[in-house]
Amino acid sequence: SAEAVPQAPEDPLFGLMAAYRADSDDNKVDLGIGAYRDNNAQPWVLPVVKKADEILRNDPALNHEYLPIAGLATFTSAAAKLILGADSPALAEKRTCSLQTISGTGAVHLGALFLSKFYPGKPTIYFSNPTWANHNQIFSNVHLPIATYPYFSKETKGLDFEGMKQAIADAPEQSIILLHACAHNPTGVDPTQSQWKEIATLMKQKSHFPFFDCAYQGFASGDLVKDIWAVRYFVEQGFELCVAQSFAKNFGLYGERAGCFHFVTGSGTDSQATIGRIASQLAILQRSEISNPPAYGARIAGLIMNDEALFAEWEENLRTMSGRIISMRTALRSKLEELGTPGTWNHITDQIGMFSFTGLSEKQVLKLRGVAHVYMTKNGRISMAGLNTGNVEYFAKAVDKVVRE
Ligand code: PMP
């Protein structure tokens, strides 16, 4: 009977957001959710998105008809170019397919579902430890066995590269390896280009399948091309792979759920026929799950990506966001160093993207919440975008206090 349904735990991140909202203290600081905030701690609608929104709203031809199953074609093709490069041989050889999804989460899910149905054997999917918490439940829900590879070194607060390589080498052949394309969530730690090359070599040797999760392109460094280097490198090396792409952060389109799933096959003689079959199966899965994706966010992102002037303005907006975050990293590190806070703080500026893995313990995190009204996840992750010139010193002093206790 229905009474047998057990209580599920509250989502930790959304629970944290609710606790923040309920706190009436004037000094409260929200470093939980990974959403960009401006220097006044407010959500920021990108000026270029506002512009595109106005163009769309004033278009008398705009209607609310269904999109095709695979989504808005002008959006998905621009999204593929953004990931692979306009001059990508994979695109020229027509060995890619792209479906619009419910943001990045939907793209990860569609990929997971597809692999669970069509990947030969029952492959294990390996995540970094730690990873975005949702990976675990998305892949578990489609009954793929899951495992982890070491990623974060507590000692250096950087990459545990040896541990990562060992686990990839030890994984059974043809495992699926989930990789964060850039700005790793939650650690902010990415492999260097030469480390990516070694990872690719190892994965080739073991015939592993790369599953890239790309939620922060352009958001990390402010440069769309630089941030996607690893994916393009793997494609160049001839891997068959897939990419889950989110436009939540880089367009600030969080609630509009604009995303895309891409599959790339290797360059063989029958690669076009192969990708055609893959696309046909993805379309069936998409139809059964969401029928067709939501239109508005894709229209906004598509309009911007297909217009040279709007695209340039978008790049400018990306530099504004990433620039502010980088300046907060510098500010936080220098405040902690000025205060002489015990420990080293170079990792704050070494890490990149939305998040920093501070190294604070769960106990310290809870103390910060109780005493200073600072909200961050228990693993010590902070969303850098929650810091601004008005609260960075307050936060640094609070950290200094709990670290000394
Ligand atoms: N993957 C990673 C690593 C993420 O950090 C996020 C956003 N938190 C996503 C995927 C997907 O987010 P969304 O569904 O909002 O696009």
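Given the structure is predicted, the values throughout are model-derived calculations rather than measurements.

Draft legend 1. Region of the structure containing the domain arrangement of the chain. Here the chain is described as being made up of domain 1 (10-45 + 322-404) and domain 2 (73-306). Each of domain 1 and domain 2 was reduced to a C-alpha centroid, and the two centroids are 28 Å apart. Taken together, the contacts link 19 residues of domain 1 with 20 residues of domain 2. If you list the elements that add at least two residues to the side of domain 1 that touches domain 2, you get helix H13 (308-339), helix H14 (346-350) and strand S9 (355-357). It is S9 that contributes the most residues to the side of domain 1 that touches domain 2, three residues altogether. Residue composition of the side of domain 1 that touches domain 2, by class: eight nonpolar, nine polar and two charged.

Draft legend 2. How the structure looks around the site of the ligand. For the ligand, the set of nearby residues contains 14 residues, the closest of which are Ser103, Gly104, Thr105, Asn185 and Ser246. Counting residues per element, the shell around the ligand draws most heavily on helix H5 (residues 103-118), which supplies four residues. Of the residues belonging to the shell around the ligand, the class tally is five nonpolar, eight polar and one charged.

Draft legend 3. Spotlight on H5. In a regular helix each residue adds 1.5 Å, so 16 residues correspond to 22 Å; H5 covers 23 Å between its end C-alpha atoms and thus fits that length. Turning to H5, its buried residues are Ser103, Gly104, Gly106, Ala107, Val108, His109, Leu110, Gly111, Ala112, Leu113 and Phe114. Against strand S2 (96-102), helix H6 (133-141), strand S6 (209-214), strand S7 (241-246), strand S8 (258-264) and helix H11 (271-289) lie the buried residues of H5.

Draft legend 4. Molecular detail of the nonpolar core. Among the nonpolar cores identified, the biggest contains 115 residues, and Ile83, Tyr126, Val231 and Ala301 are the most heavily contacted of them. Among the domains, domain 1 (10-45 + 322-404) and domain 2 (73-306) are the pair contributing at least three residues each to this core. Beyond its immediate chain neighbours, meaning those up to four positions away, Ile83 contacts Cys214, Ile228, Val231, Val243, Gln245 and His262.

Draft legend 5. Here's a closer look at unusual backbone geometry. Cis geometry is adopted by the peptide bond preceding Pro130, which originates at Asn129 and carries an omega value of 5 degrees. By secondary structure assignment, the location of Pro130 is in the loop between strand S3 (125-129) and H6. A cis amide bond links Asn185 to the next residue, Pro186, at an omega of 15 degrees. Residue position: Pro186 is located in the loop between strand S5 (176-180) and helix H8 (193-205). Unusually for a residue other than glycine, His143 sits at a positive phi of about 65 degrees. Along the chain, His143 turns up in the loop between H6 and strand S4 (146-150). We classify His143 as exposed; it has 9 C-beta atoms within 10 Å. Phi is positive for His373, which is not a glycine, with a value near 60 degrees. Relative to the helices and strands, His373 is located in the loop between helix H15 (362-372) and strand S10 (374-375).

Draft legend 6. Quick look at the confidence of the model for the chain. Per-residue confidence for the chain gives a mean pLDDT of 96; residues scoring 70 or more make up 100%. Scoring of the predicted complex yields 0.96 for pTM and 0.99 for ipTM.

Draft legend 7. Highlighting the sheet that holds S2. Across the sheet, seven strands lie side by side as S2-S8-S7-S6-S5-S3-S4; this open sheet has mixed pairing. Strand pairing shows two members of the sheet lacking a second neighbour, S2 and S4, which therefore form its edges. Direction aside, the axes of adjacent strands within the sheet are offset by 25 degrees on average. Relative to S7, S6 runs parallel, the two sharing four bridges. Its bridge partner being in S7, Phe211 is matched across the sheet by Cys242. Along the sheet, H5 contacts S2, S5, S6, S7 and S8; its crossing angle with S7, the most-contacted strand, is approximately 155 degrees. Contacting S6, S7 and S8, helix H10 (residues 229-236) runs over the sheet at an angle of about 155 degrees to S6.

Criteria and thresholds
Residues numbered from 1 in each chain as written. Predicted model: local features only at pLDDT ≥ 70, side-chain atom pairs only at ≥ 80, totals over all residues. Domains from an automatic or database assignment. Contact = placed C-beta atoms within 7 Å. Helix = DSSP H or I, 4+ residues; strand = E, 2+ residues; numbered from the N terminus. Nonpolar A, V, L, I, M, F, W, Y, C, P; charged D, E, K, R; others polar. Near = placed C-beta within 6 Å. Expected span 1.5 Å × (residues − 1). Buried ≥ 20, exposed ≤ 12 C-beta atoms within 10 Å, placed from the backbone. Core = buried A, V, L, I, M, F, W, Y, C linked by C-beta atoms within 7 Å. pLDDT = per-residue confidence, 0-100. Pairing = 2+ DSSP bridges. Axes fitted to C-alpha atoms, helices over the stretch in contact; angles between N-to-C directions.

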